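Structural features, examined
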Amino acid sequence: MSDSRLRILHNAIFEVQTWKPGRSPFALENDFYQLMLSGIPLDDYEELWAELRIALAENEFIQQDRELREFVSRPEFAREGFWWFDPEEWK
């Protein structure tokens, strides 16, 4: 995987782990879109994808923020294979 793709995945993990109320949701939203656009295969760096899944499941603030919850609940994207847009897949 290229350095830029790896950086995108690391950034997304960090943003999810540290997001809390009062912070702008735009960085997190951007990271979600970057993951889509980068085309990082899900079988590359499986441990990092697992870390992202765990971080999403553990960050209660993301699930409690109504606007952010609406953003991350995008079934049309989830159906295309972008599981991070389906909160049920975070578990």
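Residues numbered from 1 in each chain as written. Predicted model: local features only at pLDDT ≥ 70, side-chain atom pairs only at ≥ 80, totals over all residues. Heavy atoms only, no water.

So, the overall build of the chain
For the chain, the count of helices and strands is 6 helices and 0 strands. When its helices and strands are written in sequence order, the chain yields α-α-α-α-α-α. In terms of C-alpha radius of gyration, the chain reaches 12 Å, essentially the compact-globule figure of 12 Å for 91 residues. Per-residue burial for the chain yields a buried fraction of 34% across its 91 residues. Once local pairs closer than 6 in sequence are excluded, the contacts in the chain between residues at least 24 apart make up 65%. (Helix = DSSP H or I, 4+ residues; strand = E, 2+ residues; numbered from the N terminus. Rg over C-alpha atoms; globule rule 2.2 N^0.38 Å. Buried < 20%, exposed > 50% of the residue type's maximum accessible area, 1.4 Å probe, protein only. Contact = heavy atoms within 4.5 Å.)

What about the packing of aromatic side chains?
Considering all chains together, one arrives at 11 aromatic pairs under this definition. With a centroid separation of 5.2 Å and 80° between ring planes, the pair formed by Phe32 and Phe85 is classed as edge-to-face. Highlighted residues: Phe32 in helix 2 (residues 26-38) and Phe85 in the segment after helix 6 (75-78), separated in sequence by 53 residues. What makes Phe32 buried here is its relative accessible area of 2%. Here Arg53 stacks its cationic end above the ring of Trp83, 4.0 Å away from the centre of that ring. (Phe/Tyr/Trp six-rings, centres within 6.5 Å; stacked < 30°, edge-to-face > 60°. Lys NZ or Arg CZ within 6 Å of the ring centre and 35° of its normal.)

Details of the nonpolar core
Membership of the largest hydrophobic core comes to 25 residues, with the highest contact counts inside it found for Phe32, Leu35, Leu52, Leu56 and Trp84. Elements with a contribution of two residues or more to this core: helix 1 (3-18), helix 2, helix 3 (46-58) and helix 5 (66-72). Residue contributions to this core peak at 6 residues, all from helix 1. Those residues in contact with Leu52 that lie beyond four places of it in its chain are Leu9, Ala12, Ile13, Val16, Leu35 and Trp83. (Core = buried A, V, L, I, M, F, W, Y, C linked by side-chain atoms within 4.5 Å.)

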